[in-house]
Amino acid sequence: MVEQAYKKVRRNNGCAGIDKISVQTFEVNLSNNLYKIWNRMTSGSYFPPAVREQLIDKEGGQKRKLGIPTVGDRVAQQVVKDYLEPRLEAIFHKSSYGYRPMKSAHQALTAVKTNVRQYAWVIDLDIKAFFDNVDHDKLMLALEKHVEEKWVLMYVRRWLQAPEAKADGTFVVKEGRGTPQGGVLSPLLANLYLHYTIDKWLEINFPTLSFVRYADDMVIHCTSENQAQLVLEKIKSRLKDCNLEAHQEKTKIVYCKDYRRALKGKPTKFDFLGFSFRPESKPSHRGGMFLGYDCTLSQKSHSRILKELRDLRFDRWVRSWQELANLLNPKIRGWIEYYEKFRKGSLSAVFHHLQNRIAKWISNHFKRFRKSRQRVFAYLRFMRRRFSALFYHWEIWLSMA
């Protein structure tokens with residue numbers, strides 16, 4: 001079990017924890033390191049080290065807090081996750097898609113696309129600081145309902161109580177709440193917590209409604225505005241009972257306006273998993289246009305991708321076309337495979353921006369082009385035709401601006 005868990009941790013790679021030991025360093029003494037984990041887990045003497053706090057940027061200048069366990073601790077967590085997951089998967093709701101085997105974000109988005117055609121109203125639910133507020137005692141009660149093995153319950157409790165190591169060197173001991181967003185076991189525990197907090201509760205109290213949940217991101221589909229308001233008030237009360245809170249500003253009721261739905265003055269857009277759902281003009285198979293309700297790349301996702309390109313600053317340091325392709329292609333492939341799933345051309349503006357940044361790199365890298373922007377773009381068009389396989393999007397993109 002330890003060996004199989006290590007193979008999964010190695011595939012995911014990831015950052016070093018508080019001990020600053022990377023996956024590559026861990027492998028130098030692999031046999032002894034894995035034996036130590038096995039020996040301590042089987043004897044009951046395994047205690048997880050502190051989780052390293054890492055802050056990453058969010059929209060609006062805010063920070064998201066991640067908890068990075070050590071490589072060895074990720075292996076130990078993976079052992080317990082592999083042991084528990086089949087058992088818990090059997091009870092999870094079919095409308096839960098996040099961090100589950102054989103489930104994906106695209107499946108969740110497809111379900112939402114189907115539901116907005118049937119239901120006119122959506123509750124866009126955002127849970128405030130969910131991972132920071134998971135109640136340990138309530139989570140353990142849910143876990144004990146399905147797990148009898150005392151060693152599993154003991155280690156889960158220890159992981160929940162593991163302190164956080166701040167960047168300034170101080171340690172924060174958890175006081176009965178929170179599970180690190182970044183831990184191997186956290187997504188499974190989060191799904192269990194939300195299964196009883198929301199999924200099962202909705203199934204019992206509002207069996208006619210449909211919902212889609214991806215981890216702590218959730219949309220609930222309703223037939224009327226009054227029903228949506230009632231359900232939202234009940235959900236807020238339910239979250240409070242489970243020591244959680246709906247985000248006051250981000251949680252909202254949205255009207256899925258299309259050619260069949262003519263109400264005015266209602267919010268008509270919500271974001272989910274990097275896409276914006278909103279009214280859009282669409283071509284009819286009978287000719288002409290009609291107002292549909294569909295999804296496209298969200299403005300937040302567009303801004304995030306552009307920021308990622310700007311932060312690379314490749315025009316300053318990349319030395320060759322091949323080096324540039326090696327840098328950009330994994331990112332381009334990921335964007336296309338995710339965002340082009342539902343509509344071809346969603347990334348047109350992104351690739352127009354990328355073209356301009358490549359042109360800037362050409363101007364900086366080749367002296368003969370520095371005085372003529374027209375020659376730069378002519379050279380870029382030549383490269384696109386002559387070496388279409390150099391960049392991933394050049395192979396599939398029909399034209400460049």
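Just above, that's the structure.
Because the structure is predicted, anything quoted here is derived from the model rather than measured. (Residues numbered from 1 in each chain as written. Predicted model: local features only at pLDDT ≥ 70, side-chain atom pairs only at ≥ 80, totals over all residues. Heavy atoms only, no water.)

Observations regarding the packing of helix H7 (residues 136-144) against helix H9 (residues 186-205)
Here is step 1 of the chain: Look at H7 against H9: their axes get within 10 Å of each other, and the N-to-C directions meet at 90 degrees. With respect to H9, the axis of H7 lies roughly perpendicular. Where H7 abuts H9, its residues Lys-138, Leu-139, Ala-142 and Leu-143 lie against Leu-189, Leu-192, Tyr-193 and Tyr-196.
Here is step 2 of the chain: Grouping the constituent residues of the contact of H7 with H9 by class yields seven nonpolar, no polar and one charged. (Axes fitted to C-alpha atoms, helices over the stretch in contact; angles between N-to-C directions. Helix = DSSP H or I, 4+ residues; strand = E, 2+ residues; numbered from the N terminus. Parallel < 35°, antiparallel > 145°, perpendicular 65-115°, else oblique. Contact = heavy atoms within 4.5 Å. Nonpolar A, V, L, I, M, F, W, Y, C, P; charged D, E, K, R; others polar.)

Points about the sheet that holds strand E5 (residues 171-172)
Here is step 1 of the chain: Read across the sheet, four strands follow the order E2-E1-E4-E5 without closing on themselves; strand pairing throughout is mixed. On the outer flanks of this sheet lie strand E2 (63-68) and E5, each paired with one strand and no other.
Here is step 2 of the chain: As judged from the two bridges shared by strand E4 (residues 164-165) and E5, these two strands associate in the antiparallel manner. Within the sheet, the bridge partner assigned to Ala-165 lies in E5 and is Phe-171. (Pairing = 2+ DSSP bridges.)

What about the side chain of Ser-301?
Here is step 1 of the chain: Position of Ser-301 relative to the elements: it lies in helix H11 (residues 299-312).
Here is step 2 of the chain: With a relative accessible area of 5%, Ser-301 lands in the buried category.
Here is step 3 of the chain: A distance of 3.0 Å separates polar atoms of two side chains, one belonging to Ser-301 and the other to Ser-298.
Here is step 4 of the chain: Among all residues touching Ser-301, those that are not within four sequence positions of it are Gly-274 and Tyr-339. (Buried < 20%, exposed > 50% of the residue type's maximum accessible area, 1.4 Å probe, protein only. Polar contact = N/O pair within 3.5 Å; in protein donor to acceptor, adjacent residues only side chain to side chain.)

Overview of the state of the cysteines
Here is step 1 of the chain: Applying the stated criterion across every chain, the model contains zero disulfides.
Here is step 2 of the chain: Its sulfur unpaired, Cys-242 is 19 Å from the next cysteine sulfur, which belongs to Cys-222. (Disulfide = S-S within 2.5 Å.)

Side note on the pattern of salt bridges
Here is step 1 of the chain: Enumeration according to the criterion identifies 24 salt bridges in this entry.
Here is step 2 of the chain: For Asp-137, the salt bridge identified is with Arg-157, shortest N-O distance 3.3 Å. A residue pair is termed long-range when its members are at least 10 positions apart, and Asp-137 in helix H7 and Arg-157 in helix H8 (residues 150-161) qualify at 20 residues.
Here is step 3 of the chain: Judged by its relative accessible area of 25%, Arg-157 is partly exposed.
Here is step 4 of the chain: Between Arg-261 and Asp-258 there is a salt bridge, with its nearest N and O atoms 3.8 Å apart. Of the two residues, Arg-261 and Asp-258, both sit in the buried class. (Salt bridge = Lys/Arg side-chain N within 4 Å of Asp/Glu carboxyl O.)

Brief notes about the packing of aromatic side chains
Here is step 1 of the chain: In total, this model carries 27 aromatic pairs according to the counting rule given.
Here is step 2 of the chain: A centroid spacing of 5.9 Å and a plane angle of 85 degrees characterise the contact between Trp-361 and Phe-366, whose relative ring orientation is edge-to-face.
Here is step 3 of the chain: The exposure class of Trp-361 is buried, given its relative accessible area of 0%.
Here is step 4 of the chain: Classification of Phe-366 by relative accessible area gives buried; the value is 17%.
Here is step 5 of the chain: Here the aromatic residues Trp-321, Trp-361, Phe-366, Phe-369, Tyr-379, Phe-382, Phe-391 and Trp-394 are joined through ring pairs into a cluster of three or more.
Here is step 6 of the chain: One Lys or Arg, Arg-158, reaches over the ring of Phe-47 and ends 3.8 Å from the middle of that ring. (Phe/Tyr/Trp six-rings, centres within 6.5 Å; stacked < 30°, edge-to-face > 60°. Lys NZ or Arg CZ within 6 Å of the ring centre and 35° of its normal.)

Observations concerning the layout of surface pockets
Here is step 1 of the chain: Approximately 300 Å³ is the volume attributed to the second largest pocket.
Here is step 2 of the chain: Lining the second largest pocket are 16 residues; nearest its centre among them are Phe-26, Lys-36, Ile-37, Arg-40 and Gly-72.
Here is step 3 of the chain: By residue class, the composition of the lining of the second largest pocket is seven nonpolar, five polar and four charged. (1 Å grid on protein atoms, 1.4 Å probe; cavity = no way out; pocket = protein on both sides within 12 Å on 5 of 7 lines; lining within 4 Å. Points joined across faces, edges and corners; volume = space filled by probe spheres on them.)

Quick word on empty space enclosed by the protein
Here is step 1 of the chain: Across all of its chains, the model carries one cavity of 30 Å³ or more by this definition.
Here is step 2 of the chain: Taken as a whole, the largest cavity spans an internal volume of roughly 90 Å³.
Here is step 3 of the chain: Taken together, 14 residues line the largest cavity, and the ones lying closest to its centre are Gln-77, Trp-159, Thr-179, Pro-180 and Ser-186.
Here is step 4 of the chain: When contributions to the lining of the largest cavity are tallied by element, the ones reaching two or more residues are helix H4 (71-89), H8 and H9.
Here is step 5 of the chain: Class assignment of the residues belonging to the lining of the largest cavity gives a composition of nine nonpolar, four polar and one charged.

Considering the pairing of strand E1 (residues 51-57)
Here is step 1 of the chain: Across two bridges, E1 lies against E4 in parallel orientation. Residue Val-51 lies in a different strand from E4, and its bridge partner there is Glu-164.
Here is step 2 of the chain: Relative to E2, E1 runs antiparallel, the two being bridged by six bridges. The partner of Ile-56 across the bridge, within E2, is Arg-64.

Quick word on unusual backbone geometry
Here is step 1 of the chain: Located in the positive-phi region is Asn-13, a residue other than glycine, with phi close to 60 degrees.
Here is step 2 of the chain: Position of Asn-13 among the secondary structure elements: in the loop between helix H1 (2-12) and helix H2 (23-28).
Here is step 3 of the chain: The backbone of Arg-313 sits at a positive phi, close to 50 degrees, despite the residue not being glycine.
Here is step 4 of the chain: Tracing the sequence through the fold places Arg-313 in the loop between H11 and helix H12 (314-317).

Observations regarding H7
Here is step 1 of the chain: Looking only at H7, the buried set comprises His-136, Leu-139, Met-140, Ala-142 and Leu-143. Mapping the buried residues of H7 onto a view down its axis gives an arc of 160 degrees, with all of them on the same face. Structural note: H7 exposes Asp-137 and Leu-141 on the side pointing more than 90 degrees away from its buried face.
Here is step 2 of the chain: Looking at the buried residues of H7, the elements they touch are H4, H8 and H9.
Here is step 3 of the chain: Of the residues flanking the start of H7, the one acting as N-cap is Asp-135, its side-chain oxygen 3.0 Å from the backbone nitrogen of Asp-137. (Arc of directions from axis to C-beta.)

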